[in-house]
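# Results of the structural survey
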Amino acid sequence: MSELNQNTDFLYPFIEGTETDVDALLTDLAASARGKAEVSARLQQASLEEYEEDLRAAGIAMSDRFARGGRLYTFGNGGSSTDAATLASLFCRPVRGRAVPAWSLAADQAVVTALGNDVGFELIFSRQVIAHSRPVDVAIALSTSGNSDDLIRALSEAKHRGLLTIGFAGHEGGSMSTSEDVDHCFTVHSQSIHRIQESHARIGFRLWSIVQEETERRVADLMAAGSRAPGGIR
Amino acid sequence: MTTTEVPTTLIGTDLSDDLASASLALARRFHTGATLWVISPQWEPHAHHVAVEFVHPVLMGKRALPSVALVEPDPVSQARVATRPGDVILAVASADDVQVLDTMRRTPAWGAQTIWIGFGARPPAGSADHVLWVESDDPMVPATGRFVLMYHLLWELTHVCFEQPGVLEVKTEDSTDEVCVTCSDEGRLAEVVEPPTPDSTTALVRTGEGEEPVDVSLVGGVRPNDLLLIHAGAAITRIDTTEGLA
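All of these numbers come straight from a predicted model, not from anything done at the bench.

## Quick notes on the overall build of chain A
Along chain A, the regular secondary structure elements total eight helices and five strands. In sequence order, the secondary structure elements of chain A are arranged as α-α-β-α-β-α-α-β-α-β-α-β-α. Considering only contacts within chain A whose residues lie at least 6 apart along the sequence, 69% involve residues at least 24 apart. Surface accessibility of chain A: about 11300 Å² in total, with carbon and sulfur atoms responsible for 54%.

The structure is reproduced here in structure tokens:
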């Protein structure tokens, strides 16, 4: 068939060779986009199913800490730092549900460059954990390799100080998946940094949903107890 | 439980076609020296993610491309100063974002091509050169990774285009975005740079081709950044820049 097509090119001299190339390229690009999106959707679904139980445990623990006044710190490098910022926004500025204090430790360029310049890049997050955190807080680190030194150091510092520590990893999980300093590690099994980040977003969203459900349940229980005991819930 | 279900089709046929066209257009613009400016007034981290994607590719050997997130409180002013003719402006925003609507409206006068990523109700037809839209009204979409997937694919497909240098050259007659209007009946969009002095009716305006003087006696009382439609050296009407403002 392709041989036939090749041999009829001379019959259509008005069709530019490049025009044919462009049409073929656009068709290929569109098919490639759909294929990659399917891979991403399957990976996201598989990750959610694999970690549902542990996500629930982590979400309940987070909700408990928020109820006791805990704050959330998120951090990552590069694209993952922006995903960490999106996750922090989801917790502190949600479109619906209860807002809780959360911020990305990469957000302040003065702090990040001061620490990077003065004490070393591997300490940009751990020094902030030392400065900001109390034992009731939560730390979430996002790394597609699971090996970023600055993240591992911050998670260890956080664990040392009593924080709940959560890691989002990729590939084979790296040192994040084996570290005793990480309470919950969610490793997305893929070799593609892009597909891993897309699943990280989905896992983060699931985690937030569980925290919201848990918080609503806690609030409902408190209010029910309050209405049974006039004079207050204490 | 519904919250644990990932939609099986994240990119449908129409959206994949839109992504393909946008990627080729973006690759062609980069090929001629464009910078990609990114704005996302509601979701600033998405603007940063797009920029780092292009500047520092995740795959070894892919070329670093100029892309900058514009995240100051007034993205219109920031984009106005930054943009040169031939550049591309990408917005990640909902269709009712007034700052993005205003930016998009002005881009023909800046000579920039536009890509708009968002969800929910679509922006008015013609608002941007390429509209990459998630067909969902779920307000949580910006936090579920669907925009991340969208600009990841935009980056991946743009680099596929670079592997086929033959498609990057655009002949003038094939081009839909660089139509020569010098002699046509069409008006061109212009943004006022310097209003006339008190004893003159000539203003300096900016169009997609650069700066030029135009007579503004027909429209009168122009101020900096006013949008005008110009034709044959004269401003013929003023464009409403409050359209879309609630």
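Continuing now.
## Here's the deal with the layout of surface pockets
Put simply, the second largest pocket is a space of about 690 Å³. Elements with a minimum of two residues in the lining of the second largest pocket: helix H3 (79-92), strand E2 (102-104) and helix H4 (109-118) of chain A together with helix H2 (44-55) of chain B. Sort the elements by how many residues they give to the lining of the second largest pocket and H3 of chain A lands first, with six residues. By residue class, the composition of the lining of the second largest pocket is 14 nonpolar, eleven polar and two charged.

## A closer look at the nonpolar core
Ranked by internal contacts, the top residues of the largest apolar core, which has 81 residues, are Met62, Phe91, Ile140 and Ile166 of chain A. The element best represented in this core is helix H2 (residues 17-67) of chain A, accounting for 14 residues. If we ignore the near neighbours within four places in the chain, the residues touching Ile140 of chain A are Met62, Leu72, Tyr73, Thr74, Phe75, Leu87, Ile166, Phe168 and Leu207 of chain A. Core analysis: the second largest hydrophobic core is formed by 22 residues, Ile39, Ala93, Trp133 and Leu189 of chain B among them.

## Section: the domain arrangement of chain B
All names here are of chain B. Per the domain assignment, the segments of chain B are domain 1 (9-170) and domain 2 (188-238). Measuring from the centre of the C-alpha atoms in domain 1 to the corresponding centre in domain 2 gives 29 Å. The partner domain 2 presents eight residues to the nine residues of domain 1 that form the contact. Of all residues in domain 1, Arg80, Arg106 and Ala109 give up the largest surface area on contact with domain 2, accounting jointly for 59% of the area buried on that side. The interface formed by domain 1 and domain 2 contains two salt bridges.

## Describing the packing of aromatic side chains
Aromatic rings considered in pairs are described by the distance between their centres and by the relative angle of their planes. Applying the stated criterion across every chain, the model contains eleven aromatic pairs over all chains. Between Tyr73 of chain A and Trp103 of chain A the ring centres are 5.2 Å apart and the planes differ by 85°, which places this aromatic pair in the edge-to-face class. Note that Tyr73 of chain A is positioned in strand E1 (residues 72-76) and Trp103 of chain A in strand E2, a separation of 30 residues in sequence. Owing to a relative accessible area of 1%, Tyr73 of chain A belongs among the buried residues under this scheme. Among the aromatic residues, those joined into a cluster by ring pairs are Tyr51, Phe168 and Phe186 of chain A. The cationic tip of Arg63 of chain B hangs over the ring face of Phe162 of chain B; the distance from NZ or CZ to the ring centre is 4.6 Å.

## Focus on the confidence of the model for chain A
Across chain A, the average pLDDT comes to 91, with 90% of residues at or above 70. Here residues 1-17 of chain A is modelled with pLDDT under 50, and outside its nearest four sequence neighbours on either side it reaches two contacts, counting other chains as well.

## Comments concerning the sheet that holds E1 of chain A
Residues and elements named next belong to chain A. Ordered by their spatial adjacency, five strands build an open sheet running E2-E1-E3-E4-E5, and the pairing between neighbours is parallel. Where the open sheet ends on each side, the last strands, each with one partner, are E2 and strand E5 (184-188). Put simply, the sheet's adjacent strands are angled 15° from each other on average, direction ignored. Bridge count between E1 and E2: three bridges; the pairing is parallel.

## What to know about empty space enclosed by the protein
Counted according to the given criterion, the structure contains one cavity of 30 Å³ or more. Here the largest cavity defines a volume of roughly 120 Å³. Considering the residues around the largest cavity, the lining is formed by 15 residues, among which Asp83, Thr86, Leu87 and Ala201 of chain A together with Ala143 of chain B are closest to the centre. Taken together, the residues of the lining of the largest cavity break down into nine nonpolar, five polar and one charged.

## So, unusual backbone geometry
Positive phi values are uncommon outside glycine, yet His171 of chain A reaches one of about 50°. Inspection of the secondary structure puts His171 of chain A in the loop between strand E4 (164-170) and helix H7 (174-178). Positive phi values are uncommon outside glycine, yet Ala232 of chain B reaches one of about 50°.

## Concerning the side chain of Thr114 of chain B
Its location among the elements puts Thr114 of chain B in strand E4 (residues 113-119). What Thr114 of chain B contacts, discounting residues up to four positions off in sequence, is Ile89, Met104, Thr107, Ser127, Ala128, Asp129 and His130 of chain B.

## Some remarks on the pairing of strand E3 (residues 138-142) of chain A
Residues and elements named next belong to chain A. Burial within E3 is extensive, with five of its five residues counted as buried. Judged by which residues are buried, E3 turns out to be covered on both faces: Val138, Ile140 and Leu142 on one side and Ala139 and Ala141 on the other are all buried. Here five bridges tie E1 to E3, and the two strands are oriented parallel to one another. What sits directly across from Tyr73, in E3, is Ala139. Pairing of E3 with E4 involves five bridges; the strand directions are parallel. By the bridge assignment for E4, Val138 is matched with Leu164. For the crossover from E3 across helix H6 (residues 149-160) to E4, the handedness is right-handed.

## Details of the pairing of strand E10 (residues 234-238) of chain B
Where strand E9 (residues 227-231) of chain B and E10 of chain B come together, four bridges link them in antiparallel fashion. Residue pairing in the sheet places Leu228 of chain B in a bridge with Arg238 of chain B of E10 of chain B.

## Side note on the sheet that holds strand E2 (residues 67-69) of chain B
Residues and elements named next belong to chain B. The strand order across the open sheet formed by five strands is E2-E1-E3-E4-E5, and the pairing between neighbours is parallel. At either end of the open sheet lies a strand with only one pairing partner, and these are E2 and strand E5 (130-134). Here the average twist between neighbouring strands, direction ignored, is 15°. Sheet analysis places strand E1 (residues 36-39) next to E2, joined by three bridges and oriented parallel. Residue pairing in the sheet places Val38 in a bridge with Ala69 of E2. Of the strands in this sheet, E1, E2 and strand E3 (88-92) touch H2, which is tilted by about 160° from E2.

What counts, and where the lines are drawn
Residues numbered from 1 in each chain as written. Chains lettered and ligands numbered in written order. Predicted model: local features only at pLDDT ≥ 70, side-chain atom pairs only at ≥ 80, totals over all residues. Heavy atoms only, no water. Helix = DSSP H or I, 4+ residues; strand = E, 2+ residues; numbered from the N terminus. Contact = heavy atoms within 4.5 Å. Areas by Shrake-Rupley, 256 points an atom, 1.4 Å probe, with all protein chains shown as cover. 1 Å grid on protein atoms, 1.4 Å probe; cavity = no way out; pocket = protein on both sides within 12 Å on 5 of 7 lines; lining within 4 Å. Points joined across faces, edges and corners; volume = space filled by probe spheres on them. Nonpolar A, V, L, I, M, F, W, Y, C, P; charged D, E, K, R; others polar. Core = buried A, V, L, I, M, F, W, Y, C linked by side-chain atoms within 4.5 Å. Buried < 20%, exposed > 50% of the residue type's maximum accessible area, 1.4 Å probe, protein only. Domains from an automatic or database assignment. Buried area = accessible area lost by both parts, 1.4 Å probe. Salt bridge = Lys/Arg side-chain N within 4 Å of Asp/Glu carboxyl O. Phe/Tyr/Trp six-rings, centres within 6.5 Å; stacked < 30°, edge-to-face > 60°. Lys NZ or Arg CZ within 6 Å of the ring centre and 35° of its normal. pLDDT = per-residue confidence, 0-100. Pairing = 2+ DSSP bridges. Axes fitted to C-alpha atoms, helices over the stretch in contact; angles between N-to-C directions. Right-handed = clockwise from strand over helix to strand, strands pointing away.

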